[in-house]
2 protein chains.
Amino acid sequence: MYEVTFQFDNGESVTSFATSGENLLEVARKANVPIDAPCSGNGSCGKCRVRLLAGGLNSTKTRHITDAEYEEGIRLACRSTICDEVTIGVPDIASAYKSRMKVADLSSKDEIKIFEEAKHKVIDADIPLSNTMRVVEVLMNSPTLDDTMPDNERFERALKHEVNSNIARIPYSVLKKMPDVLRSNDFKVKAVIRQTEKDVFVYDIYGIDEKVIIGGLVVDIGTTTVSALIINMENGQVLAKGSTGNGQIRYGADVINRIIESQKPGGQEKLQRAIVDETLNPLIAKMCSETGFDPDHIYRMAVASNTTMNHLLMGINADPLRKEPYIPTFFKTNSLYASDISIHIHPDAHIIVSPNIGSYVGGDITAGTFVSMIWNQPTFSLFIDLGTNGELVFGNSDFLMSCACSAGPAFEGGDISCGMRATDGAIESCRIDSDTMTPQFKVIGEKDTKPVGICGSGIIDLIFELFSCKIISPKGKFVREGERIRHDHYGMGSYVLVFREDAGGEKDIEITEVDIDNFIRAKGAIFSAIRTMLATLGFDVSMIDDVYVAGGIGSGINMKKAVGIGMFPDISIERFHYIGNSSLTGAYTMLLSTQAEKKTYEVARNMTYLELSTVSGYMDEFVAACFLPHTDSRLFPSLEIADQKGEV
Amino acid sequence: MYEVTFQFDNGESVTSFATSGENLLEVARKANVPIDAPCSGNGSCGKCRVRLLAGGLNSTKTRHITDAEYEEGIRLACRSTICDEVTIGVPDIASAYKSRMKVADLSSKDEIKIFEEAKHKVIDADIPLSNTMRVVEVLMNSPTLDDTMPDNERFERALKHEVNSNIARIPYSVLKKMPDVLRSNDFKVKAVIRQTEKDVFVYDIYGIDEKVIIGGLVVDIGTTTVSALIINMENGQVLAKGSTGNGQIRYGADVINRIIESQKPGGQEKLQRAIVDETLNPLIAKMCSETGFDPDHIYRMAVASNTTMNHLLMGINADPLRKEPYIPTFFKTNSLYASDISIHIHPDAHIIVSPNIGSYVGGDITAGTFVSMIWNQPTFSLFIDLGTNGELVFGNSDFLMSCACSAGPAFEGGDISCGMRATDGAIESCRIDSDTMTPQFKVIGEKDTKPVGICGSGIIDLIFELFSCKIISPKGKFVREGERIRHDHYGMGSYVLVFREDAGGEKDIEITEVDIDNFIRAKGAIFSAIRTMLATLGFDVSMIDDVYVAGGIGSGINMKKAVGIGMFPDISIERFHYIGNSSLTGAYTMLLSTQAEKKTYEVARNMTYLELSTVSGYMDEFVAACFLPHTDSRLFPSLEIADQKGEV
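Residues numbered from 1 in each chain as written. Chains lettered and ligands numbered in written order. Predicted model: local features only at pLDDT ≥ 70, side-chain atom pairs only at ≥ 80, totals over all residues. Heavy atoms only, no water.

### Observations regarding the interface of chain A and chain B
Quite often, the size of an interface is put as the accessible area lost when its parts meet. Listed as interface residues are 39 residues of chain A and, on the opposing side, 39 residues of chain B. Carbon and sulfur atoms make up 61% of the surface buried where chain A meets chain B, a total of about 3000 Å² over both sides. The largest per-residue losses of area from chain A upon contact with chain B belong to Tyr172, Ile327 and Thr329 of chain A, which jointly make up 21% of the total buried on that side. Inspection of the region where chain A meets chain B yields zero salt bridges. Counting across the interface, chain A meets chain B through 18 residue pairs in polar contact (both at pLDDT 80 or more). Listing elements by their share of the side of chain A that touches chain B, those giving two or more residues are helix H5 (151–163) and helix H6 (172–184) of chain A. In terms of residue count, H6 of chain A provides more of the side of chain A that touches chain B than any other element does, seven residues in total. For the side of chain A that touches chain B, the residue count by class is 21 nonpolar, nine polar and nine charged. (Contact = heavy atoms within 4.5 Å. Buried area = accessible area lost by both parts, 1.4 Å probe. Salt bridge = Lys/Arg side-chain N within 4 Å of Asp/Glu carboxyl O. Polar contact = N/O pair within 3.5 Å; in protein donor to acceptor, adjacent residues only side chain to side chain. Helix = DSSP H or I, 4+ residues; strand = E, 2+ residues; numbered from the N terminus. Nonpolar A, V, L, I, M, F, W, Y, C, P; charged D, E, K, R; others polar.)

Quick look at the structure:
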């Protein structure tokens, strides 16, 4: 056994022991030392960089590390094994996580616009915005020597009378508070209840003079990014909005790698802890502390997430999802409570999980499909959710078909060396002067915010510009030279969008051929999935009436340019609608409206699923789409015209 | 601040800090050092003996400590305050607790006789012995690419079909196990369910080949003693039986002192932890480990206990119980689960609480009244539960009246210097030769078990013998001299039943005038309560058809001698029936039979409660009864006759 010390940037350290030959990334994971590893340790992403500070380490040098860096001790954890006592410098990812956590400033109307719009869409669909939660006053007489009814019966009698119900359920948590709350408020109280046709459930009791807001928690658990809202359950007002990275990221960037990791000893629990204890609970705590909302006043929660994410959230074996015949443990469940999985809100809070429809189309898509309202229209719509998995739903009020393709995290800035999410400091759009190859760009955030990376919409722009300026070939290889074009000694080309001195970080913001290649495969997966699914239905892209694009790619997405790189079909730009994070808005409507929740289950039940890999010709479609814009340029007639006109 | 070190007999120690003048018993409690203090620190019981090992302590010498003992450093913790750094030797009460914990040998038919009898009584009353729990087989087809229903829907469909129900509830714990249990058993499983008219609740799933016994836990929480059973819910078989001391004892011997203690900061939690973590969970663990039963297979629990005990068990404020108008938080509750109060059985196990009918008549009495069957007879019966509180129920199939009196722990051997419970080593009966004053006695346990103390039935015998041999006066004072009679230098007399050399412990087994006085007040409380309650109903003791005596006093109780000291009314001895721990057997029948549970609620609802303190003349009755046998000897005519005949 050798002693392995992990030394964090912030000065803290963790000591562990390992045997000769053990993989350093595995040692770190066992010691609960977080190291970013989107590819889950197969050596392809180059993100698990550590620094050899003292002692020995058997490492393989890869293209992800320059000679100079290797000299300085930089190693990939996944390509290193233990051979001696060693001290390893690791980035302080915990601080990095924290800095990625963000609570929105709700004074900006933009932040809550999509929720207001969602409410209107629900109302327009004739679905009432009401739910079963409310606050009622329960007024009792104080007991006397002649009126000795115990507290709970006294309360129950008054409550049943107040709400006109026959059955009241009072859980232990309320019973426990009851003698004190009743006596300190002269037997005049308020109760937070959920009333259904069947019965009344009491979540909490308060003194009659207390101000009580029934909080609801809305969570979208993406493979890469987690977003959440705290809302007022009685009127839908957004009280807090936040987002953060999914803490499971260090166990793999995509769902397959996470499932594989979950199958290792203790893996299921580790992945559950990563999303609950390291992601959701800190996010909830931060949202609550910044807005002064008591997390114990959150009495209901809705989760929209893909099937793997909701299985891992619940600590349920996700392995069957990736093995034939690909059977989830549940599509929906009615019996999940916050205390079951240690979410730090009111322990009796019911957790609604947006329904899955299969292993690869989950609750994020059903929630998104609901709120897109494509199920409520006679015309044909295509719903596209650009997450780490790309999912598509096509249909109308008569039918809905879904499919999924593995796009990777490129649309959220993952798998891209300078990629980032669409938050402050992200370049969300750009233009390049064809002659000088000098870029102009727009950065998210206040005026003069320095750029630190590129988000999805920015990458689309950048690749389109590089391509239309003929700086890169249809295959994504650099074909012009200039001060912004570089080639490393492996021959890999890159384009510097922002030089270090103008950037907010400590290095150049650039895009490499590997990045471009990753992105081309992502957009190729989407485009070929669209073509393949429509073909199985006997449809052609020209028959699409509307396209609803959802996901964290950023509201700055330029649909014309997205079409221009062959990501979306070449139809009239007016038909494209960016609807933001529809998983979150969908879950928001499910929580707010009992009828919307029911309708989402109905939409899910009626949706069929197409397994793309079983469709002959899909792989050929994919390969053909891994080109700018496509190997078959006849599919993009408007581009040829535009090119001739020098437009776009 | 002074350093206070508590040094246990077993070598362990705990260090704490205290300010000058702090009470040593309080310091010990804060440091979670258990010191027995039945009187809760008011100086009356003399049980909180500690030894001053080093340093200083301000102590008051009391009659509980001899000069020699004081010289040796013996102090009462409750009469000592901090004035310096100090090291205190404390008895290893944790070991003492453990040694008091006992799991019965069920090969002895005697141990389970009363449960068999209870079953017959229930059947004789035309109440079916069935409950809602059972094991069913759930057989599914394995999923295929053409049959992709998720696990939970597949299971639910097969279960509903099997049990012919429309609604199945599958909690998180079952959902979590489901993918693995289904797949490792080829989708053929067993389920532990509870089926009501409303729905089916699934507690657990197992492979089809596993042997599954549905365990039920029966608990009687007495103020002094806790007893428990693990049973097979399907046939009522007793699988394990155990008992232990109530860990709350160090916070006071009676309910009032416990409630007072619970009102101190953190007190409620401390008392809850004392009964749950220090008493019930270790007892359950021991019963399970000795019988090889998995505590997770206990799916339902029934508790019989007095109102204070069930409030403290649930961590619910018990203070209103002792303050006018004496209102409990609940008589009954339907929403208590093992996980709510951290009982270490299956977390979803429902806890049935035998119903209270008021602050001073609780679920122990309603359970006992049910199983006594006095509610099912036309004749008039008196039910007496001799616990730390004495409770009485009188009536027949037309009416039931109850009352409670504070008897103290004397019947269970508490408040008596050599008192103990009716377990191995306890003297359960005795005779004294009138001339030589030499005793003969019987000890519980195997042949040649040495006596270590006296249990309730033994104390009754001893006091009767001392009185009938005229060794003590009707007031309980020693009036003869002899080698077994002693007087300390306060003038307090005592009688040595067993000299140290013949005893199992390290000191003489004796009874003092203080002990006798405590016992006379206990029996006086019972007798005066009987007279008072009957009088308010216009009844006389001669109209009692049957007397059912319950409690931990021991099956060796000699009813004739109990009458002889004026504890019970002077009616024909044949009318007395000792029915053992009826709280435990009552809770046992509630758990086993859904109809018995319902009937117990009905019995409780129909029982009226008499608050003795509001009856004029009760105190006079009590004072008159604090005599051997009574100030009014006409109430005990048979004794006079017997005395003349030299009988009894």
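### Focus on the pairing of strand S15 (residues 238–245) of chain B
Residues and elements named next belong to chain B. Counted residue by residue, S15 has eight buried out of eight residues, so it is predominantly covered. Bridge count for strand S8 (residues 102–103) against S15 is two bridges, and the pairing is antiparallel. Bridge pairing links lysine 102 to serine 243 in S15. Direction of pairing for strand S14 (residues 225–232) relative to S15: antiparallel, over a ladder of seven bridges. For alanine 228, the partnering residue across the bridge sits in S15 and is glycine 242. Counting the residues that bridge the hairpin from S14 to S15 gives five residues, and of these glycine 236 lies at a positive phi of roughly 80°. (Buried < 20%, exposed > 50% of the residue type's maximum accessible area, 1.4 Å probe, protein only. Pairing = 2+ DSSP bridges.)

### Notes on the relation of the copies chain A and chain B
Between chain A and chain B, the superposition needs a rotation of 180° and an axial shift of 0.0 Å, giving an RMSD of 0.1 Å. Taken together, the turn and the small shift mark the pair as related by a two-fold rotation axis. Taking C-alpha positions as reference, the residue of chain A nearest the rotation axis is serine 339 of chain A, located at 5.0 Å. (Least-squares fit on C-alpha atoms with pLDDT ≥ 70 in both.)

### Details of the packing of helix H12 (residues 513–536) of chain B against helix H16 (residues 618–625) of chain B
Residue and element names in this part refer to chain B. With their axes 8 Å apart at the nearest point, H12 and H16 run at an angle of 135° to one another. By the criterion of interaxial angle, the relationship of H12 to H16 is oblique. Crossing hand, H12 versus H16: right-handed. Contacts between H12 and H16 involve Arg521, Lys523, Gly524, Ala525, Phe527, Ser528, Ala529, Arg531 and Thr532 from the former and Tyr618, Glu621, Phe622 and Ala625 from the latter. (Axes fitted to C-alpha atoms, helices over the stretch in contact; angles between N-to-C directions. Parallel < 35°, antiparallel > 145°, perpendicular 65-115°, else oblique. Left-handed = near helix turned anticlockwise from the far one by under 90°.)

### Considerations on H16 of chain B
One full turn of an α-helix is made of 3.6 residues, so residues set three or four places apart face in the same direction. Residues and elements named next belong to chain B. All of the buried residues in H16 are Tyr618, Glu621, Phe622 and Ala625. The buried residues of H16 occupy one face: seen down the axis, they fall within an arc of 100°. Turned more than 90 degrees from where H16 packs its buried face, Met619, Asp620 and Val623 sit exposed. Looking at the packing, one finds that the buried side of H16 touches strand S20 (400–406) and H12. (Arc of directions from axis to C-beta.)

### With respect to the side chain of threonine 333 of chain B
With respect to the element layout, threonine 333 of chain B can be found in the loop between helix H9 (307–313) and strand S17 (350–353). One polar contact links the side chain of threonine 333 of chain B to the main-chain amide nitrogen of serine 335 of chain B, over a distance of 3.3 Å. Filtering out sequence-adjacent residues up to four positions away, threonine 333 of chain B remains in contact with Leu175 of chain A together with Met314 and Val353 of chain B.

### Observations concerning the sheet that holds strand S3 (residues 49–59) of chain A
Neighbouring strands of a sheet are bound in pairs by backbone hydrogen bonds; such pairs are parallel or else antiparallel. Residues and elements named next belong to chain A. Here five strands make up an open sheet; going across it, the order is S2-S1-S5-S3-S4 and the pairing mixed. For this open sheet the edge positions go to strand S2 (13–18) and strand S4 (74–76), each flanked by a neighbour on one side alone. Taking the axes of each pair of neighbouring strands and ignoring which way they run, one obtains an average angle of 40° across the sheet. Direction of pairing for S3 relative to strand S5 (residues 80–90): antiparallel, over a ladder of seven bridges. The residue of S5 that forms the bridge with arginine 51 is glycine 89.

### So, the packing of aromatic side chains
Residue and element names in this part refer to chain B. Summed over all chains, the structure comprises 28 aromatic pairs over all chains. Ring geometry for phenylalanine 380 against phenylalanine 539: centres 4.8 Å apart, planes inclined by 70°, an arrangement best described as edge-to-face. One end of the pair, phenylalanine 380, is in the loop between helix H10 (363–372) and strand S18 (381–386); the other, phenylalanine 539, is in the loop between H12 and strand S27 (546–550), and 159 residues separate them in sequence. Judged by relative accessible area, phenylalanine 539 falls into the buried class, the value being 16%. Seen in terms of ring centroids, phenylalanine 411 and phenylalanine 519 are 5.5 Å apart; in terms of plane orientation they differ by 90°. Their pairing is edge-to-face. Placement of the pair is phenylalanine 411 in the loop between S20 and strand S21 (426–432) and phenylalanine 519 in helix H12, with a sequence separation of 108 residues. In this pair, the class of phenylalanine 411 matches that of phenylalanine 519, namely buried. (Phe/Tyr/Trp six-rings, centres within 6.5 Å; stacked < 30°, edge-to-face > 60°.)

### Thoughts on the side chain of arginine 484 of chain A
All names here are of chain A. In this structure, arginine 484 sits in the loop between helix H11 (456–468) and strand S22 (485–487). Put simply, arginine 484 is tucked away with no salt bridge, and the nearest opposite charge, on glutamate 483, sits 4.6 Å away. For arginine 484, the side chain forms a polar contact with the main-chain oxygen of valine 496, separated by 2.8 Å. For arginine 484, the residues in contact, after removing those within four places along its chain, are Met437, Thr438, Pro439, Ser494, Tyr495, Val496, Leu497, Val498 and Phe499. (Lys, Arg positive; Asp, Glu negative; His and termini not counted.)

### Comments concerning the domain arrangement of chain A
Partitioning chain A into domains gives domain 1 (2–98), domain 2 (133–207), domain 3 (214–353) and domain 4 (411–519). For domain 3 of chain A and domain 4 of chain A, the distance between their C-alpha centroids amounts to 33 Å. (Domains from an automatic or database assignment.)

### Some thoughts on the pairing of strand S16 (residues 298–305) of chain B
All names here are of chain B. Of all the eight residues making up S16, eight are buried; the element is thus mostly covered by neighbouring parts of the structure. Direction of pairing for strand S13 (residues 215–221) relative to S16: parallel, over a ladder of seven bridges. Note that in S16 the partner of glycine 216 across the bridge is arginine 300. Read from S16 through H9 to S17, the crossover connection turns out right-handed. (Right-handed = clockwise from strand over helix to strand, strands pointing away.)

### Some points on the pattern of salt bridges
As enumerated under the stated definition, the model contains 60 salt bridges over all chains in all. Of the charged contacts in the structure, one is a salt bridge between lysine 561 of chain A and aspartate 461 of chain A, with a shortest N-O distance of 3.8 Å. In this pair, lysine 561 of chain A is assigned in helix H13 (residues 559–564) and aspartate 461 of chain A in helix H11, connecting sequence segments 100 residues apart. Aspartate 461 of chain A shares its class with lysine 561 of chain A; the two are buried. Note that arginine 300 of chain B is salt-bridged to glutamate 597 of chain B, the shortest N-O span being 3.9 Å. Of this pair, arginine 300 of chain B sits in strand S16 while glutamate 597 of chain B sits in helix H15 (residues 594–606), and the two are 297 residues apart along the sequence. This pair shows no difference in class: arginine 300 of chain B is buried, exactly as glutamate 597 of chain B is.

### Observations concerning helix H14 (residues 582–592) of chain B
Residue and element names in this part refer to chain B. Taking burial as the measure, the 11 residues of H14 include 11 buried ones, the bulk of the element. Ser582, Ser583, Leu584, Thr585, Gly586, Ala587, Tyr588, Thr589, Met590, Leu591 and Leu592 are the residues of H14 that are buried. The N-terminus of H14 is capped by asparagine 581, whose side-chain oxygen sits 3.2 Å from the backbone nitrogen of serine 583.

### Let's talk about the sheet that holds strand S3 (residues 49–55) of chain B
Residues and elements named next belong to chain B. An order of S2-S1-S7-S3-S5 is seen for the five strands of this open sheet, with the pairing classed as mixed. Strand pairing shows two members of the sheet lacking a second neighbour, strand S2 (13–18) and strand S5 (74–76), which therefore form its edges. Geometrically, the sheet is characterised by an average inter-axis angle of 35° between neighbouring strands, direction not taken into account. Pairing of strand S1 (residues 2–8) with strand S7 (residues 86–90), which is carried by five bridges, proceeds in the parallel orientation. Bridge pairing in S7 links phenylalanine 8 to valine 90.

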